[in-house]
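# Fold and contact review
Listed here are the chains, written in short residue letters.
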Amino acid sequence: MQTTLNRDVQFVGIGLHSGRPARVTLRPAPQDFGVRFRRVDVTELDPVVTAQYDMVVDTSLNTRLANAAGVTVSTVEHLMAAFAGCGLHNVLVDLDGPEVPIMDGSARRVVREIMVVGLRDLGAPVKAWQVMQPVSLTSGDAQASIAPFGGLSISFDIDFPVAAFGQQSKTLNLANGCFIRELSDCRTFCRRAEVDYMQSRGLALGGTLDNAIVVDGDAVLNPEGFRRVDECVRHKMLDALGDLALAGLPILGAYTGVRAGHGPTNLLLRKLFSTPGAVRQIECD
């Protein structure tokens, strides 16, 4: 059945690129509402941005959405992954700025908050997108594909010329709380040189060792090291789930990403929904 939150959830964190505090309030919503962001700091334009793949306007550093009025919300992928992984279908996200806070670089905090308040059954069947035929694309050296499957599975391969990240592969069937156990605590990662470069351009001003795994050469700068030996590929799977959740309904299919990121996954969704017969909407019993 479709779900929503039992009550409001509120938390504060730092925006990755702005470096400023951001307040998020998750509010219960009715059946078939989906996920919508509301910019409470916007008063003269439409403040509501629907979490939908065709609202994505930028995928260069994160996933950014925009409505017809030009109001934007950035870095939505970890929040969307938490909603999908927890089975939360309907929620209004109030945000006091243009950026969802990065928290610790994973979805752990959001998952914890959702689990504390719990979910409420709305008594309506879950609608889902069932993949009916394989769809794939290549973007540069990245590949992304999705094929028919009875639930949702994610396979991912990464290959970085940095020993700390290196080559990693993993496949998971995201059923029965798998996301919460296996992916939700896995953080974003980058090289120290990338952080320095972005900050020199006024970006990633909130980037610290508190919200990302940072390496310098082959050395991991975070004192605690990795949470899991393959945390990097697991984080890429977390990102993929969040971007797939922008389909608007749960997806039943097997996703595969090879060196993929936000851009290829969004392009894959656009191709999936523009390919006749590739996907159909169903009601889950």
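For the structure given in this document, a descriptive report is provided here. Only a predicted model underlies this, so the values are computations on that prediction, with no experimental measurement involved.

We now examine the packing of helix H1 (residues 77–86) against helix H2 (residues 108–117). Contact geometry for H1 and H2: axes closest at 9 Å, N-to-C directions at 40 degrees. In this view, H1 runs oblique relative to H2, as classed from their interaxial angle. Crossing angle aside, the handedness with which H1 passes H2 is right-handed. Across from Leu-79, Ala-82, Phe-83 and Cys-86 in H1, the residues of H2 making contact are Val-110, Val-111 and Ile-114. Residue classes in the contact of H1 with H2 are distributed as 7 nonpolar, no polar and no charged.

Moving on, we come to the nonpolar core. By size, the foremost hydrophobic cluster in this structure holds 72 residues, and its most contacted members are Leu-26, Phe-37, Met-80, Phe-83, Val-93 and Tyr-255. Per element, the largest residue contribution to this core is 7 residues, and it comes from helix H5 (residues 231–244). Apart from residues lying up to four places away in sequence, Phe-83 is in contact with Leu-26, Val-35, Leu-88, Val-91, Val-93 and Ile-114.

Below, the discussion takes up the sheet that holds strand S2 (residues 9–14). Taken in spatial order, the 5 strands make up an open sheet running S2-S3-S9-S4-S5, and their pairing is mixed. Looking at the sheet topology across the chains shown, the edges are occupied by S2 and strand S5 (48–50). Geometrically, the sheet is characterised by an average inter-axis angle of 25 degrees between neighbouring strands, direction not taken into account. Of the strand pairs in this sheet, S2 and strand S3 (residues 21–28) are connected by 6 bridges, and their pairing is antiparallel. By the bridge assignment, Gln-10 is partnered in S3 with Thr-25. In the packing of H1 onto the sheet, the strands contacted are S2, S3, strand S4 (35–39) and strand S9 (91–95), and the crossing angle to S4 comes to about 145 degrees.

Tracing the sequence through the fold places Ala-163 in the loop between strand S14 (152–159) and strand S15 (167–173). Given the relative accessible area of 59%, Ala-163 is considered exposed. As a C-alpha pair, Ala-163 and Gly-217 span 54 residues in sequence and 8.0 Å in three-dimensional space.

Describing an aromatic ring pair means giving the distance of the ring centres and the angle of the ring planes. Applying the stated rule across the entire model yields 6 aromatic pairs. Between the aromatic rings of Tyr-53 and Phe-273, the centroid separation amounts to 4.9 Å while the plane-to-plane angle is 15 degrees, which identifies the pairing as stacked. Of this pair, Tyr-53 sits in the loop between S5 and strand S6 (56–58) while Phe-273 is found in helix H6 (residues 262–274), placing the two residues 220 residues apart along the sequence. You can call Phe-273 partly exposed: its relative accessible area is 21%. Seen in terms of ring centroids, Trp-129 and Phe-273 are 5.0 Å apart; in terms of plane orientation they differ by 75 degrees. Their pairing is edge-to-face. Taken together, the residues span a long stretch of sequence, with Trp-129 in strand S11 (residues 126–131) and Phe-273 in helix H6 at a distance of 144 residues. Looking at Trp-129, the relative accessible area reads 18%, which means it is buried.

Reading the values: rules and limits
- Residues numbered from 1 in each chain as written.
- Predicted model: local features only at pLDDT ≥ 70, side-chain atom pairs only at ≥ 80, totals over all residues.
- Heavy atoms only, no water.
- Axes fitted to C-alpha atoms, helices over the stretch in contact; angles between N-to-C directions.
- Helix = DSSP H or I, 4+ residues; strand = E, 2+ residues; numbered from the N terminus.
- Parallel < 35°, antiparallel > 145°, perpendicular 65-115°, else oblique.
- Left-handed = near helix turned anticlockwise from the far one by under 90°.
- Contact = heavy atoms within 4.5 Å.
- Nonpolar A, V, L, I, M, F, W, Y, C, P; charged D, E, K, R; others polar.
- Core = buried A, V, L, I, M, F, W, Y, C linked by side-chain atoms within 4.5 Å.
- Buried < 20%, exposed > 50% of the residue type's maximum accessible area, 1.4 Å probe, protein only.
- Pairing = 2+ DSSP bridges.
- Phe/Tyr/Trp six-rings, centres within 6.5 Å; stacked < 30°, edge-to-face > 60°.

Purely spatial values, then, with no claim about function.
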